[in-house]
Amino acid sequence: MQEKSKIKVAYNAIVCWFIISNLPDSTSARCLRPIDCQDIMWSGRNTSGVYTIYPQGTGGFKVYCDMTTAGGGWTVFQRRMNGIVGFNRSWREYQYGFGNFKGEHWIGNQRIHQLTSQGWYELRVDMSDFSNKSRFAHYRIFSVGNKNSGYRLSVGEYEGNAGDSLASHSGNSFYAKDRDINNCSYNYKGGWWYNNCHYSNLNGLYLISTHSSYANGVNCVYKANHSISMNRLNPDASTFKVVYAIIVCCFITTVLLPKASCCSLPTDCQDILRSGSLTSGVYTIYPPGTGGFKVYCDMTTAGGGWTVFQRRITGDVGFNRLWKDYQYGFGDTDGDHWIGNQRIHQLTSKGWYELRVDMSDFKNESRFAYYRTFFVGNKDSGYKLKVEEYEGNAGDSMAIHNGSKFYAKDRDINECASKYKGGWWYKHCHDANLNGLYLKGNHSSYANGMNWFDWHGYHYSLKTTEMKIRRQ
């Protein structure tokens, strides 16, 4: 019996090693193999430092994780603090990376591509000058193409206080001193996404403040100490540690992995409901290709598991906003809000979703509209709406909006958003306007309130609305 037990332990250890070594690039494996620093932060490790991450299609590599700035979870791909490491290097060195992860380094263009190709990433550039003043630049969109593209840069939608010195570099391939364009790398002493030639040169020479030479320092048309980051041990082989490792492997192999509950991250509120959470409220979900975000989950209506993307209950939040506001979302997830068209697209592109619209008036009467098919396209489509197969008692006021793009006051069609004071899938112009003004019941103005034509027409603004989706 003792020999059989030893064989079983050894077998489980081998199985565990095999499983860990061959974990799939799926969400269910990300607590064991984090794909970036955001996964590491969510696992409970909140200290900035060097960690190993496992982006999809890689065997893993080390990065520096910033766990404190702007919520933490940032994967640092460039860091300069003291000028010890030279950055005037060959294209190949920039391809594979160089430097010390605890200090100055570039993780490598191939690594940056592997990271940004697995989801939607944002970029943050933190910088300081020799007067110890700090600035930052934040970009909501950031990706780096593959080797064949020359590691082409895509960066957009700037925010911050440092000024937008990267805009002119978007769309450029990466160059270095041995693979140059217009002598930019040669003249300005770094590897960068040059063109004619630069507005930022963060891999230039470390020249310590003001310099007489032209544009060849660590320039950002501002600069000196900075880092650029993204947001998605060989232990002693003592007998005790070997035994401990085998016990851990046995536990993973025989208990956790078969249940698939050790690592699975919920993709929507339906997953959260199935995990046993039955209370409506704010939860974090992780649709594929995202770093996770908070949503309000309705766990009681019609079986529960609804992911709410629009909610109006008090009128505290204004909805007559810009297209970009609607793209990324606004409001309080626990109150009035819109989660963002990009988030709605990320959710509905990963399965077959149904839509439910719950609404009430100021007599506290309630109605609902249900659609068996609901989908929102990507940004390039204008977040085009697909909504079909109505059921309910509110009337089908969404039918004419099927196939429409999303419009707002700064990106309009037929002046619909301007006239009717909201962002929506307008089309000559609307039968539903649930993002219109909160006008509290009857109003004399025409069709600019929270209107649902098939219930209360164009001169009555509803009291509450919730738009929510569930995977079928």
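Just so it is clear, the structure is predicted and the values come from calculations on it, not from any experiment.

K.L.:
Looking at this structure, how should I read the overall build of the protein?
P.N.:
A tally of regular secondary structure across the protein gives 11 helices and 22 strands. Here the protein holds 472 residues, and 51% of them are scored as buried. Summed over all atoms, the accessible surface of the protein reaches about 21,500 Å², with 50% contributed by carbon and sulfur.

K.L.:
Is there a simple way to think about the confidence of the model for the protein in this case?
P.N.:
Interpretation of the predicted coordinates at a detailed level should be avoided for regions scoring low in pLDDT. Averaged over every residue, the pLDDT of the protein is 86; residues scoring 70 or more account for 82%. The low-confidence segment residues 19-29, where pLDDT is below 50, has 17 contacts with residues more than four positions distant or belonging to other chains. Low pLDDT (under 50) marks residues 233-262, which in the prediction has 24 contacts with non-local residues, meaning those over four places away or in another chain.

K.L.:
Would you explain the packing of aromatic side chains in this entry?
P.N.:
How two aromatic rings sit relative to each other is set out by the distance from centre to centre and by the angle between their planes. Taken as a whole and assessed by the stated rule, the structure comprises 31 aromatic pairs. Seen from their ring centres, tyrosine 94 and tryptophan 106 are 5.5 Å apart, and the 75 degrees between their planes marks the pair as edge-to-face. You can see tyrosine 94 sitting in helix H3 (residues 91-96) and its partner tryptophan 106 sitting in strand S5 (residues 105-106), a full 12 residues away along the chain. Of the two residues, tyrosine 94 and tryptophan 106, both sit in the buried class. Centroid distance tryptophan 424 to tryptophan 425: 5.3 Å. Interplanar angle 65 degrees. Geometry classified as edge-to-face. Here tryptophan 424 matches tryptophan 425 in class, with each residue buried. A connected cluster of aromatic rings, assembled from ring pairs, spans Phe77, Phe87, Tyr94, Phe98, Trp106, Phe142, Phe174, Trp192 and Trp193. The ring of tyrosine 186 is capped by lysine 189, whose NZ or CZ atom sits 4.8 Å from the centre of that ring. Sitting over the face of the ring of phenylalanine 368, arginine 356 holds its NZ or CZ atom 4.3 Å from the ring centroid.

K.L.:
Got a minute to help me understand the pattern of salt bridges in this structure?
P.N.:
For the structure shown, the criterion picks out 14 salt bridges. Among the salt bridges present, the one from glutamate 389 reaches arginine 372, with a minimum N-O distance of 4.0 Å. Of the two residues, glutamate 389 is situated in strand S17 (residues 385-392) and arginine 372 in strand S16 (residues 366-376); the sequence distance between them amounts to 17 residues. Given the relative accessible area of 45%, glutamate 389 is considered partly exposed. With its nearest N and O atoms 3.2 Å apart, the salt bridge here joins glutamate 391 to arginine 372. Here glutamate 391, found in strand S17, pairs with arginine 372, found in strand S16; they are 19 residues apart in sequence, far enough to count as distant. Residue classification places glutamate 391 among the partly exposed residues on the basis of a relative accessible area of 39%.

K.L.:
What exactly am I supposed to notice about the state of the cysteines here?
P.N.:
Here, disulfide denotes a covalent bond that connects the sulfur atoms of two cysteines. According to the stated counting rule, one finds 4 disulfides in the structure shown. Between cysteine 37 and cysteine 65 runs a disulfide, and the two sulfur atoms are separated by 2.0 Å. Taking the sign of the S-S torsion, about -75 degrees here, the bridge from cysteine 37 to cysteine 65 comes out left-handed. Remark: cysteine 65 occurs in strand S2 (residues 61-66) and cysteine 37 occurs in helix H2 (residues 37-42); sequence separation between them is 28 residues. At a sulfur-sulfur separation of 1.9 Å, the disulfide partner of cysteine 416 is cysteine 429. Judged by the sign of its S-S torsion, about -80 degrees, the cystine formed by cysteine 416 and cysteine 429 is left-handed. Of this pair, cysteine 416 sits in helix H10 (residues 416-420) while cysteine 429 sits in the loop between H10 and strand S18 (432-433), and the two are 13 residues apart along the sequence. Relative accessible area serves as the criterion here: at 11%, cysteine 429 is assigned to the buried category.

K.L.:
Explain helix H9 (residues 341-348) here, please?
P.N.:
Because an α-helix packs 3.6 residues into every turn, residues spaced three or four apart end up facing the same way. With 7 of its 8 residues buried, H9 lies for the most part within the structure. Burial in H9 covers these residues: Asn341, Gln342, Ile344, His345, Gln346, Leu347 and Thr348.

K.L.:
Would you mind showing me how to read the nonpolar core here?
P.N.:
By size, the foremost hydrophobic cluster in this structure holds 53 residues, and its most contacted members are Phe309, Trp338, Leu355, Phe374 and Trp452. In this structure, Phe87, Leu115, Tyr175 and Met230 belong to the second largest nonpolar core, which totals 44 residues.

K.L.:
Looking at this structure, I do not really get the environment of asparagine 100. What am I missing?
P.N.:
Its location among the elements puts asparagine 100 in the loop between strand S4 (98-99) and S5. Look at asparagine 100 and you get partly exposed, because its relative accessible area is 46%. Along the sequence, asparagine 100 and valine 63 sit 37 residues apart, while their C-alpha atoms lie 9.8 Å from each other. For asparagine 100, the side chain forms a polar contact with the main-chain nitrogen of lysine 102, separated by 3.1 Å.

K.L.:
I tried to follow the pairing of S16 on my own but got confused; where do I start?
P.N.:
Every other side chain in a regular strand lies on the same face of the sheet, so the side chains alternate between the two faces. Sheet topology note: the strand S15 (residues 353-360)/S16 ladder contains 7 bridges and is antiparallel. Bridge pairing in S16 places arginine 356 opposite tyrosine 370. Connecting the antiparallel pair S15 and S16 is a turn made up of 5 residues, with asparagine 364 showing a positive phi of about 60 degrees. Examined bridge by bridge, S16 and S17 share 7 bridges and lie antiparallel to one another.

K.L.:
Explain helix H4 (residues 109-116) to me, please; I cannot follow it from the model alone.
P.N.:
A large share of H4 lies buried, amounting to 6 of its 8 residues. Every buried residue of H4 is accounted for by Asn109, Ile112, His113, Gln114, Leu115 and Thr116.

K.L.:
What should I look at first to understand the side chain of arginine 356 in this one?
P.N.:
Relative to the elements of secondary structure, arginine 356 occurs in strand S15. A relative accessible area of 13% means that arginine 356 is categorised as buried. In this structure the side chain of arginine 356 is engaged in a polar contact, spanning 2.9 Å, whose partner is the side chain of aspartate 358. Setting aside residues no more than four positions away along its own chain, arginine 356 makes contact with Thr301, Ala302, Trp306, Phe368, Ala369, Glu466, Met467 and Lys468.

K.L.:
Help me out: how do you make sense of unusual backbone geometry in this one?
P.N.:
Glycine aside, the phi torsion of most residues is negative, and most peptide linkages are trans. Put simply, asparagine 196 and cysteine 197 share a cis peptide bond, and its omega is -25 degrees. Tracing the chain through its elements places cysteine 197 in the loop between helix H5 (184-188) and strand S9 (225-231). Cis peptide bonds are those with omega within 30 degrees of zero, and the linkage from histidine 428 to cysteine 429 qualifies with -20 degrees. Here the phi dihedral of alanine 70 falls at roughly 45 degrees; this positive angle occurs in a residue that is not glycine. Taking relative accessible area as the criterion, alanine 70 reaches 54% and is therefore assigned exposed. A positive phi angle, close to 65 degrees, is found at alanine 447, a residue other than glycine. Following the sequence through the fold, alanine 447 ends up in the loop between strand S19 (441-442) and strand S20 (451-452). Overall, alanine 447 belongs to the buried group, its relative accessible area being 1%.

Rules used throughout
Residues numbered from 1 in each chain as written. Predicted model: local features only at pLDDT ≥ 70, side-chain atom pairs only at ≥ 80, totals over all residues. Heavy atoms only, no water. Helix = DSSP H or I, 4+ residues; strand = E, 2+ residues; numbered from the N terminus. Buried < 20%, exposed > 50% of the residue type's maximum accessible area, 1.4 Å probe, protein only. Areas by Shrake-Rupley, 256 points an atom, 1.4 Å probe, with all protein chains shown as cover. pLDDT = per-residue confidence, 0-100. Contact = heavy atoms within 4.5 Å. Phe/Tyr/Trp six-rings, centres within 6.5 Å; stacked < 30°, edge-to-face > 60°. Lys NZ or Arg CZ within 6 Å of the ring centre and 35° of its normal. Salt bridge = Lys/Arg side-chain N within 4 Å of Asp/Glu carboxyl O. Disulfide = S-S within 2.5 Å. Core = buried A, V, L, I, M, F, W, Y, C linked by side-chain atoms within 4.5 Å. Polar contact = N/O pair within 3.5 Å; in protein donor to acceptor, adjacent residues only side chain to side chain. Pairing = 2+ DSSP bridges.

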